[in-house]
Amino acid sequence: MIARADDVATRAQKLHAEAIVVDTHLDAPDQLASKWADVANRGATDHFDIPRARQGGLTAPFFSIYVAAGYADHGAARRALDLIDITHRVVDGHPRDLTLAASSAEIRAAKKAGKIAILMGIEGGHAIEDSLGVLREMYRAGVRYMTLTHTNTNHWADSSGPFYEPDFDPKKSAVHGGLSDFGKTVVKEMNRIGMIIDVSHVSDATIRDVLEVSRAPVMASHSSCRALSSIPRNLTDDQIKQIGAKGGLVMINVGSAFLDQKSYDHFVATLARVKPEYLKLKAQYAKDPAKLRAEATALLKRQDRAPRADWTKVVEHIERVIKVGGEDAVGIGADFDGIEDPPIGFEDVSLYPRISEELLRRGHSEAQVKKVLGENFMAFFARVETVRDKLASEPPATAVYSEK
Ligand SMILES: [Zn+2]
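Here the structure is a predicted model, which means the values were calculated and not measured. (Residues numbered from 1 in each chain as written. Predicted model: local features only at pLDDT ≥ 70, side-chain atom pairs only at ≥ 80, totals over all residues. Heavy atoms only, no water.)

(A) Up close: the packing of helix H5 (residues 104–112) against helix H16 (residues 366–390). The N-to-C vectors of H5 and H16 enclose an angle of 145°; their axes lie 9 Å apart at closest approach. Contacts between H5 and H16 involve Ser 104, Ile 107 and Arg 108 on the former and, on the latter, Glu 375, Phe 377, Met 378, Phe 381, Ala 382 and Glu 385. (Axes fitted to C-alpha atoms, helices over the stretch in contact; angles between N-to-C directions. Helix = DSSP H or I, 4+ residues; strand = E, 2+ residues; numbered from the N terminus. Contact = heavy atoms within 4.5 Å.)

(B) Seen up close, the coordination of the zinc ion. Binding of the zinc ion to the protein goes through Glu 123 (OE), His 201 (NE2) and His 222 (NE2), at separations of 2.0 to 2.2 Å. Mapped onto the polypeptide sequence, the residues donating to the zinc ion form the spacing pattern E-x77-H-x20-H. Here the residue Glu 123 occupies a position in strand S4 (residues 116–123), and His 201 occupies one in the loop between strand S6 (196–198) and helix H9 (204–213), the gap between them amounting to 78 residues. (Donors = N, O, S within 2.8 Å, 3.2 Å for Na, K, Ca; no water.)

(C) The arrangement of the pattern of salt bridges in detail. Scanning all chains against the criterion turns up 32 salt bridges. The salt bridge partner of Arg 362 is Glu 358, with a shortest N-O separation of 2.8 Å. Arg 388 is the partner of Asp 389 in a salt bridge, and the nearest nitrogen-oxygen pair spans 3.0 Å. Accessibility expressed as a relative area gives 26% for Arg 388, which makes it partly exposed. What you see here is one network of salt bridges that share partners, running through Lys 14, Glu 18 and Lys 370. (Salt bridge = Lys/Arg side-chain N within 4 Å of Asp/Glu carboxyl O. Buried < 20%, exposed > 50% of the residue type's maximum accessible area, 1.4 Å probe, protein only.)

(D) Region of the structure containing the packing of helix H10 (residues 237–245) against helix H14 (residues 312–325). Between H10 and H14, the shortest axis-to-axis distance is 8 Å and the interhelical angle comes to 65°. Classified by the angle between their axes, H10 and H14 sit roughly perpendicular to one another. Viewed along their axes, H10 and H14 form a crossing whose handedness is right-handed. Contacts between H10 and H14 involve Asp 237, Ile 240, Lys 241 and Gly 244 on the former and, on the latter, Arg 320, Val 321, Val 324 and Gly 325. Broken down by class, the residue content of the contact of H10 with H14 amounts to 3 nonpolar, 2 polar and 3 charged. (Parallel < 35°, antiparallel > 145°, perpendicular 65-115°, else oblique. Left-handed = near helix turned anticlockwise from the far one by under 90°. Nonpolar A, V, L, I, M, F, W, Y, C, P; charged D, E, K, R; others polar.)

(E) Layout of the packing of aromatic side chains. Considering all chains together, one arrives at 13 aromatic pairs under this definition. Between Phe 48 and Phe 63, the ring centres sit 5.6 Å apart and the planes meet at 90°, which makes this aromatic pair edge-to-face. Residue Phe 48 is located in the loop between helix H2 (28–34) and helix H3 (50–55), and its partner Phe 63 is located in strand S2 (residues 60–66); the two are separated by 15 residues in the primary sequence. Residue Phe 48 shares its accessibility class with Phe 63, and that shared class is buried. Taken together, a centroid distance of 5.7 Å and an interplanar angle of 35° make the contact between Phe 336 and Phe 346 tilted. Highlighted residues: Phe 336 in the loop between strand S9 (330–332) and helix H15 (352–361) and Phe 346 in the loop between S9 and H15, separated in sequence by 10 residues. Classification of Phe 346 as buried rests on a relative accessible area of 0%. Taken together, the ring pairs connect Phe 62, Tyr 145, Phe 377, Phe 380 and Phe 381 into an aromatic cluster. Lying across the ring of Trp 36, Arg 89 places its NZ or CZ 4.5 Å from the centre. The ring of Tyr 139 is capped by Arg 144, whose NZ or CZ atom sits 3.6 Å from the centre of that ring. (Phe/Tyr/Trp six-rings, centres within 6.5 Å; stacked < 30°, edge-to-face > 60°. Lys NZ or Arg CZ within 6 Å of the ring centre and 35° of its normal.)

(F) Spatial organisation of the nonpolar core. Counting 90 residues, the largest nonpolar core has Phe 48, Met 146, Leu 148, Met 195, Val 199, Ile 318 and Phe 346 as the members making the most contacts within it. At 8 residues, helix H4 (residues 76–92) tops the list of elements feeding residues into this core. Beyond its immediate sequence surroundings of up to four residues, Val 199 is in contact with Ile 207, Val 210, Val 218, Met 219, Ala 220 and Ile 243. The next biggest cluster of nonpolar side chains, apart from the first, holds 19 residues, and it includes Ala 110, Tyr 145, Ile 196 and Phe 377. (Core = buried A, V, L, I, M, F, W, Y, C linked by side-chain atoms within 4.5 Å.)

What follows is the structure, encoded as structure tokens:
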């Protein structure tokens, strides 16, 4: 018997209300740093505020401590601390709705208490300024994952590069051939202290090295499937398979170019068209990278926008990861507040219930839907915590970074 549509909607609503709903990448702090707003009010940031998060049944978003490439060697750790402070101010201002969390147990406790658990993840390994001491201090400050690079290759890990630049060439980002020796030490130290390793943004060679070196399962906090959209930020089927086989996670990014080949192709065509003008700007502002960035952004904004994906693409990517990496390997890392092109029908944090309903409609079991929403992350986080506990007798790494 085929369930009536109403039955599915009712089941989805009930399931979603009970479920732990995790989103591993939300860029609200960066937006609040540019323009402070009270998250109790609708529209506080592009895609997040308490009313919309409540509507979406969100249990545990990771606030991204996003350190832009421009801060590399220019106050990166300070920028991270500023965004950690913003996160604390947001949580402290709303004790009835929000609570800071740093463990799987604290996420469950928040759900029980009817609160939204806010966690933190650093985006951009340059934030630790090549210091294992700073890495450990970030953990003590409550940070629970670190994306090894942003779009910049840092002193110890290669990035997949700045794919949005008209003269993008991934070869320019391949400096170490993956992780340097110090990069491998960073990864092992992250295992020891219980900091989740995030491979979104890193190069394919870095992913290969991380999978070889890491003693804990790893996560891509906001990346989708390259088989469905060839943007270099997405993962190949082979990578998804390997991440899944090691107990790791792929958290789906909902940016339209990440979801839909048509959207990404349009973007690439736009970059090719503006390239001559961009190269002129690059020559003109050779000594002023901030100005160049602003001018390049303005140039791209003047072009017609790529078509937005349909929201059901999000579910197609979830199903692709299930097929390739297994049903334990997938979740959501929407990248809200960090993307300008969410799909039509999935514009902000109020809309996670659509995922539950669509997955049920497509015949996934309630247990499977709960896994996608958050239980996969909870089990993964617990596995990382177990590795940390097993390594408790290992002394802190003493390596000091030095330029060769
Ligand atoms: Zn990102």
